[in-house]
Amino acid sequence: MQVETFKIFCDLVDTGSFSKAAAINSITQSAVSQQIRSLENRYHVTLIERGRRNFSLTPEGNAFLEASKQILDIYDHLGDKLHELQNVVAGDIKIAAIYSIGLHELPPYLKEFRRLHPNVELHVEYRRSAEVYSLVLNGEVDLGLVSFPSKRKGLQIEPFTKDKLVVICHPNHRLAQRKHLRIEEIEGEKFIAFEPDLPTRKVIDRYLREHGIAIKHAMEFDNIETVKRAVEIENGISIVPQNTVKQEVANGALAAVEIEKPEMWRPLGILIKRNRSCSPAHKEFIALLQKGNAELPTNS
């Protein structure tokens, strides 16, 4: 049996389609069916309950799926294990990051790591927070970067850094010339918010609720870039991580005002799947992240 057979089975389950699994693996639909039949004949079990429009896994199919994922994970990271034995910093690192970290926090680290370790290939995906957790747990990426990291079974969390939350507004807004403000001073303002399921939104809501502050929710978005654009065209104010608006503040598109009381911080964390092989490249990248911006060259 070849490793590709396990991948075909996983792709079939993931897509729910023989034709899609065939396309992914550049084979015919008939070849996919033959591979599944071959597996069932070999182990004398039924893996898939076939229906007219779809199929479902039998208990044996579920067990085979989990085993297949483990086999593919071991195969995919065999090179990492060999590099670890040889202490060679090489190979691939797959990273999933929420948009604000991937676009604003991560780039200088990627640039510096590529300079230090040109033999390592870095791949970055930009996803919503819940998707990052899922990708790490499923072994589809090596590392995840999220804000307000929360404990999950099967995950190890390492600290990355933290970012201060600030109020942003249009340069013509009444608050734009302020250096600092108390959170109570945004009472009654039109507010551009993140969507309710995002961790940063939940923390902001808690702060406002604890201080009895009522704001007018004007719009909700699922990413930092759209929030900033809405504030730029004077649709309201918002609270965002300070590092994500440095460019807009520098070019005069937005004004950022620090929150004096209470200070609001956004901790960032690194997600790693427990018991997963950690190559020298992974260890070096995590170590670089944990050194912080102070350790990066000023031209990065």
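Owing to the predicted nature of the structure, the values given are computational and were not obtained by experimental measurement.

What is the right way to read the side chain of Arg201 from this model?
Along the polypeptide, Arg201 turns up in helix H9 (residues 199-210). Polar contacts involving the side chain of Arg201 include one to the side chain of Glu220, which spans 3.2 Å. Setting aside anything within four residues of it in sequence, one finds Arg201 in contact with Ala193, Phe194, Glu195, Pro196, His217 and Glu220.

What's the story with the environment of Ser134 in this structure? I'm lost.
Note that Ser134 resides in helix H8 (residues 129-137). You can call Ser134 partly exposed: its relative accessible area is 34%. For Ser134 and Gly269, which are 135 residues apart along the polypeptide, the C-alpha to C-alpha distance reads 15 Å.

How do you make sense of a nonpolar patch on the surface when you look at a structure like this?
Taken together, the side chains of Tyr99, Leu103 and Tyr126 make up a nonpolar region of the molecular surface, amounting to roughly 260 Å² of accessible area. Positionally, Tyr126 belongs in strand S4 (residues 120-127). Assessed through its relative accessible area of 35%, Tyr126 is described here as partly exposed.

Looking at this structure, I do not really get the nonpolar core. What am I missing?
Side chains of a nonpolar character, in soluble globular proteins, are inclined to be buried together. Core analysis: the largest hydrophobic core is formed by 31 residues, its most contacted members being Ile93, Leu145 and Phe285. Among the secondary structure elements, those contributing two or more residues to this core are strand S3 (91-98), helix H7 (107-116), S4, H8, strand S5 (143-147), strand S6 (155-169), strand S12 (265-273) and helix H12 (280-291). Beyond its immediate sequence surroundings of up to four residues, Ile93 is in contact with Phe113, Val120, Glu121, Leu122, His123, Asp142, Leu143, Ala281, His282 and Phe285. Counting residues in hydrophobic clusters, the runner-up holds 23 residues, among them Val203, Tyr207, Ile213 and Ile237.

Can you help me understand helix H4 (residues 59-76) in this one?
Helical geometry note: an α-helix holds 3.6 residues per turn, so side chains three or four residues apart project in the same direction. Here H4 spans 26 Å end to end across 18 residues, near enough to the 26 Å set by a 1.5 Å rise per residue. Among all positions in H4, only Gly61, Phe64, Leu65, Ser68 and Leu72 are buried. Across the axial projection of H4, the buried residues extend over an arc of 105°, all falling on one side. Across H4 from its buried face, at more than 90 degrees, point the exposed residues Pro59, Gln70 and Ile74. Against helix H1 (3-15), helix H3 (29-43) and strand S2 (55-57) lie the buried residues of H4.

What's the story with the packing of aromatic side chains in this structure? I'm lost.
Geometrically, a pair of aromatic rings is defined through the distance of the ring centres and the angle of the planes. Scanning all chains against the criterion turns up five aromatic pairs. Centre to centre, the rings of Tyr43 and Phe64 are 5.9 Å apart; their planes meet at 55°, and the pair counts as tilted. With Tyr43 in helix H3 and Phe64 in helix H4, this pair connects stretches of sequence that are 21 residues apart. The interplanar angle of 70° and the centroid separation of 5.4 Å between the aromatic rings of Tyr109 and Phe160 together place this pair among those described as edge-to-face. A residue pair is termed long-range when its members are at least 10 positions apart, and Tyr109 in helix H7 and Phe160 in strand S6 qualify at 51 residues. By the burial criterion, Tyr109 is buried, and Phe160 matches it. Here the aromatic residues Phe6, Phe9, Tyr43 and Phe64 are joined through ring pairs into a cluster of three or more.

Rules used throughout
- Residues numbered from 1 in each chain as written.
- Predicted model: local features only at pLDDT ≥ 70, side-chain atom pairs only at ≥ 80, totals over all residues.
- Heavy atoms only, no water.
- Helix = DSSP H or I, 4+ residues; strand = E, 2+ residues; numbered from the N terminus.
- Polar contact = N/O pair within 3.5 Å; in protein donor to acceptor, adjacent residues only side chain to side chain.
- Contact = heavy atoms within 4.5 Å.
- Buried < 20%, exposed > 50% of the residue type's maximum accessible area, 1.4 Å probe, protein only.
- Patch = residues over 30% accessible without salt bridge, like charges linked within 9 Å, V, L, I, M, F, W, Y side chains within 5 Å.
- Areas by Shrake-Rupley, 256 points an atom, 1.4 Å probe, with all protein chains shown as cover.
- Salt bridge = Lys/Arg side-chain N within 4 Å of Asp/Glu carboxyl O.
- Core = buried A, V, L, I, M, F, W, Y, C linked by side-chain atoms within 4.5 Å.
- Expected span 1.5 Å × (residues − 1).
- Arc of directions from axis to C-beta.
- Phe/Tyr/Trp six-rings, centres within 6.5 Å; stacked < 30°, edge-to-face > 60°.

These figures come from the coordinates and say nothing about function on their own.
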